[in-house]
Amino acid sequence: MKIPYSWLKRYIDIDIESSELADLLTMSGTKVEEVLKPPALNGLIVAEILGVEKHPNADKLSLCRLNTGNNEITVVCGANNMKKGDKAVFASAGTILPDGTKLRKAVIRGFESEGMLCSEDELGLGKDHSGIIILDNSAETGSDASKYLGSDTVFELEITPNRPDCLSVMGVAREIAAVRNMKLLRQNFNLSEVAEKASEVFSVKIEDKDKCPFYSARIIKSVKVAESPEWLRQYLKNSGIRPINNIVDITNFILLDMGHPLHAFDMDLLKGDNISVRTAGENEKIITIDGIERTLNETLLVIADKKGPVALAGVMGGSNSEISSKTANVLLESAYFNSADIRNSSEKFGLTSESSYRFERGADIGIVVTALDRAASMIAEIAGGKVLKGVIKAGTQEKYRPVIACRVEKANRLLGIRLSAGEICDIFRRLEIEVLSEDKNSIKIKAPTFRNDITEEADLFEEIARIYGYDAIAENLPESKIVDDGNYLDIDIIAKIGESLRAAGCSEVVSFSFVSGKDLENCGFPKKNALKIKNPQNEELMYLRTSILPGMMRNLGYNLNRDAKNLRFYEFGKVYFPCDESDSGSKEILTLGVAITGFRYDSRWAEGSMAADFFDIKGIMENIFDSLRIGRVKYDLHNSITFRKDKAAFIKIGDVSVGSLGELDKDFCLGYGIEQTVFYCEMDVSETIKHYGRLKKYIPFSRFPAVRRDIALVLDENMTYGKVLEAAAGEKTGLIENIEVFDLYKGKQIPGNKKSLGISVTYRSENSTLTDKEVDELHNKLVNRWAKELKCSIRDF
């Protein structure tokens, strides 16, 4: 946002160097990006145009006869916006322009030109080069022209989204006045009304008060649309706004001055004697003033007459009611729109205006009528209009203003300062924050309507620090106590998991927490049970995710489409679920997602390539559990719509399920445009951390030999190896050192619904050498347990 220094001085009596003011604003929280100083303009003269004739030897040139105060001269000019009697800016031969060009007398197409009439572009005052600068007729002929050019220092500010109150000259001036403890000079105005009542001529109806809580309007009749006075044009140009005509320029002036957007309708072009603030009909159309036809939908707010939309509310007016040179009667709008709805309209069409920029961040409902009255007063004064009596209103101007208690002791302790309650109250009053009550310990305030960012006590502490001055706060280290509660920090455990994943060749990715309804349904989670965003950016980001998987699939697809075929990704992130029916809140679960696809290793000339499989993803997770010293991990068969049937498993620690892993369903992958096989695991990190093994216990290696026995079990085809281990755990002898699979067989010698699992069992004692008889007894007990619990038989080798 650009603000001219001279405009600020209308609100505060200040005269300090621009660099000092820039530092003051930046240190108080309003960053000054750049201070734009006017170019040096020397040797420029106010010249009166005595006559304009067409150049006889050039179609696009004119001969201008000038009175420079001392004599009459002729110049050749390429512009066509001047006429006899105009006052213009003349640079004589010998003048050096801001870009370093030195003017000389020249003969142009047979006529001598003794200088030039200047445009904004040539003097470095703007980008307009469509015509020469025409000064106000009050400019004295022959005098120094620079004093009429509005040469002004301009501050370019970066306004943070939480401070829409600073998107105006008045708002920035309020900040300066508060920091320097100065009086803010209010801009008084007189509004004269005629006897005719506006409410008897026109009316307004609000059909959706959530989207538009308050709407006001005034009628100004018999206006004369013309060019704005030079002072107004100069203010707008220095602020980066192109002057259009006096009516539109006044609305833009109020927008920049007070921060509240207005809109002027040509009242004679409105159909009927009323307008309504409503949502658009599906596929209803409007041509905005930029000449583009836009197709609307039922989520968009419009201002409409009886024929249809005449403005896209808070964003841009319609071409069917815009102000023109023929306009005689004006309906002037000043309203308060819901910021989310204006943002929705703006994003729908990729259309941002000065009005939408302010409404999106939150306008001040408290000045809606004041801004309207001041603009009407200016129109009456500058455009000669007659203001009808009264304001046409719909809705209510009331707004909830938080009442907040500020604890004096806590403010001083947190900020490292020593201020009394009275001194803190003084800061609040300088910021125009209403103080309701005070004592030495606490101050109760009511937030002003223009400060949407003040909602809690911490916000008040920030205001105190800003106005007190960050540079005035002593540099003292805060006191703190370190308490060892004997628990490992979760962040350290998460770091261990990350190290294990990176060691396995995985790269970390980050994805949005927002997903579409289709994503939820693809993952088997009903949309109706998910948490829905109140103001989503679009339909693809309408819900909070219940799984890391959708974002992971998009990351895989993005990379696969760029010819990266061997991928290993992981992501830590939160997933979100509604609480039980007894609790209206929500719960967040820290979750880990891991995905692999492609070959296990890059292609090697001697070995070829080997595709990654289920055991790669399982091995990655087992390494994580080993690094966290978590035992009793088992895998149970798991079927879901996202995984391939019989190719997935629940991950359990003891009897607690902490996640699932397996091969993703082919159709599910194709839904994200992925043709490769993908293996995926998702784990509840919060639950897994609870089982973190904090101590390692040393067990000496046995000095006695081990004895191995092999056996082939004929099991049901769906029986998992985990069940085999679980049954073996029932043998509490302490002499089974290891059990592992060495063969899996399905064939002619095995029934069709069975499989043969070759298992090796290792026995060892820590106290003595086991005899064959002892091992046979142990082994027979184990085999009998398997036969009983697993309903299996023994197969001869």
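Since this is a predicted model, take the numbers as computed values, not measurements.

Procedures and definitions
Residues numbered from 1 in each chain as written. Predicted model: local features only at pLDDT ≥ 70, side-chain atom pairs only at ≥ 80, totals over all residues. Heavy atoms only, no water. Helix = DSSP H or I, 4+ residues; strand = E, 2+ residues; numbered from the N terminus. Rg over C-alpha atoms; globule rule 2.2 N^0.38 Å. Buried < 20%, exposed > 50% of the residue type's maximum accessible area, 1.4 Å probe, protein only. Contact = heavy atoms within 4.5 Å. Lys, Arg positive; Asp, Glu negative; His and termini not counted. Charge placed at Lys NZ, Arg CZ, Asp CG, Glu CD. 1 Å grid on protein atoms, 1.4 Å probe; cavity = no way out; pocket = protein on both sides within 12 Å on 5 of 7 lines; lining within 4 Å. Points joined across faces, edges and corners; volume = space filled by probe spheres on them. Nonpolar A, V, L, I, M, F, W, Y, C, P; charged D, E, K, R; others polar. Core = buried A, V, L, I, M, F, W, Y, C linked by side-chain atoms within 4.5 Å. Phe/Tyr/Trp six-rings, centres within 6.5 Å; stacked < 30°, edge-to-face > 60°. Lys NZ or Arg CZ within 6 Å of the ring centre and 35° of its normal. Pairing = 2+ DSSP bridges. Axes fitted to C-alpha atoms, helices over the stretch in contact; angles between N-to-C directions. Parallel < 35°, antiparallel > 145°, perpendicular 65-115°, else oblique. Left-handed = near helix turned anticlockwise from the far one by under 90°.

Caption draft 1: Here's a closer look at the overall build of the protein chain. Helix and strand counts for the protein chain come out as 20 helices and 40 strands. What you see for the protein chain is a C-alpha radius of gyration of 39 Å, clearly larger than the 28 Å of a compact globule of 797 residues, by over 25%. Principal-axis analysis of the C-alpha atoms places the extent of the protein chain at approximately 130 × 75 × 60 Å. Within the protein chain, the fraction of its 797 residues that count as buried is 48%. Contacts spanning at least 24 positions in sequence make up 69% of the contacts within the protein chain whose residues lie at least 6 apart. Here the protein chain contributes 106 positive and 119 negative side-chain charges, whose respective centroids are spaced 3 Å apart.

Caption draft 2: Quick look at empty space enclosed by the protein. Within this structure, the stated rule accounts for three cavities of 30 Å³ or more. The volume enclosed by the largest cavity comes to roughly 150 Å³. What lines the largest cavity is a set of 17 residues, and nearest its centre among them are Pro164, Asp165, Met258, Gly259 and Asp364. Broken down by element, the lining of the largest cavity gets its largest block of residues, three residues, from helix H4 (residues 169-180). Within the lining of the largest cavity, the residues separate by chemical class into six nonpolar, seven polar and four charged. Quantified by volume, the second largest cavity comes out at close to 50 Å³. For the second largest cavity, the full set of lining residues is Glu120, Leu125, Ile133, Leu149, Glu230, Gln234 and Lys237.

Caption draft 3: Region of interest: the nonpolar core. Counting residues in hydrophobic clusters, the biggest one holds 54 residues, and the most contacted among them are Leu8, Leu21, Ile176, Ile247 and Leu332. For this core, the element with the highest residue contribution is helix H6 (residues 246-258), accounting for eight residues. Residues in contact with isoleucine 247, not counting those within four places in the same chain, are Val223, Val225, Ala264, Ile323, Val330, Ile379 and Ala383. In terms of nonpolar packing, the next biggest core, distinct from the first, is built from 43 residues, Ile303, Met316, Tyr336 and Val369 among them.

Caption draft 4: View of the side chain of asparagine 246. Structurally, asparagine 246 is set in helix H6. Residue asparagine 246 is classed as buried on the basis of its relative accessible area, which comes to 1%. In this structure asparagine 246 touches Lys224, Val225, Ala226, Ser228, Ile382 and Ala383, once residues within four positions along its chain are discounted.

Caption draft 5: Representation of the packing of aromatic side chains within the structure. Going through the model one piece at a time under the given rule, you end up with eleven aromatic pairs. Between tryptophan 7 and phenylalanine 253, the aromatic rings sit 4.9 Å apart at their centres with planes inclined by 10 degrees, giving stacked as the arrangement. Highlighted residues: tryptophan 7 in helix H1 (residues 5-8) and phenylalanine 253 in helix H6, separated in sequence by 246 residues. Of the two residues, tryptophan 7 and phenylalanine 253, neither departs from the other in class, the shared state being buried. Ring geometry for tyrosine 570 against phenylalanine 572: centres 5.8 Å apart, planes inclined by 80 degrees, an arrangement best described as edge-to-face. Comparing tyrosine 570 with phenylalanine 572, the two get one shared label, buried. A connected cluster of aromatic rings, assembled from ring pairs, spans Trp7, Trp231, Tyr235 and Phe253. In this structure, lysine 9 is placed above the aromatic ring of tyrosine 5, and the distance from its NZ or CZ to the ring centre is 4.3 Å. One Lys or Arg, arginine 361, reaches over the ring of tyrosine 357 and ends 3.7 Å from the middle of that ring.

Caption draft 6: Here's a closer look at the sheet that holds strand E40 (residues 793-795). Ordered in space as E38-E39-E37-E40, the four strands form an open sheet in which the pairing is antiparallel. The outermost strands of the open sheet, each flanked by one partner alone, are strand E38 (736-745) and E40. Here the average twist between neighbouring strands, direction ignored, is 35 degrees. Bridge count for strand E37 (residues 707-716) against strand E39 (residues 754-763) is ten bridges, and the pairing is antiparallel.

Caption draft 7: Representation of the layout of surface pockets within the structure. The computed volume of the largest pocket comes to approximately 1400 Å³. Looking at the largest pocket, it is lined by 37 residues, and the ones nearest its centre are Phe614, Lys618, Thr720, Tyr721 and Gly722. Of all the secondary-structure elements, those providing two or more residues to the lining of the largest pocket are helix H16 (614-627), strand E33 (633-637), strand E34 (643-653), helix H19 (721-728), E38 and E39. Of the residues forming the lining of the largest pocket, the biggest block, six residues, is contributed by H16. For the lining of the largest pocket, the class distribution of residues is 17 nonpolar, five polar and 15 charged.

Caption draft 8: Focus on unusual backbone geometry. Located in the positive-phi region is arginine 629, a residue other than glycine, with phi close to 55 degrees. Inspection of the secondary structure assignment puts arginine 629 in the loop between H16 and E33. Despite not being glycine, lysine 791 has its phi angle at roughly 55 degrees, a positive value. Looking at where lysine 791 falls in the secondary structure, it is placed in the loop between helix H20 (772-790) and E40.

Caption draft 9: Looking closely at the packing of helix H13 (residues 490-503) against H16. Packing of H13 against H16 brings their axes to within 9 Å, and their N-to-C directions diverge by 140 degrees. Here H13 is positioned oblique relative to H16, judged by the angle of their axes. Considering only the axes of H13 and H16, their crossing is right-handed. Each of Lys496, Ile497, Ser500 and Leu501 in H13 lies in contact with H16, whose residues at this interface are Ile620, Asn623, Ile624 and Ser627. Split into classes, the residues belonging to the contact of H13 with H16 amount to four nonpolar, three polar and one charged.

Fair warning: the whole summary comes from geometry, so function is off the table for now.
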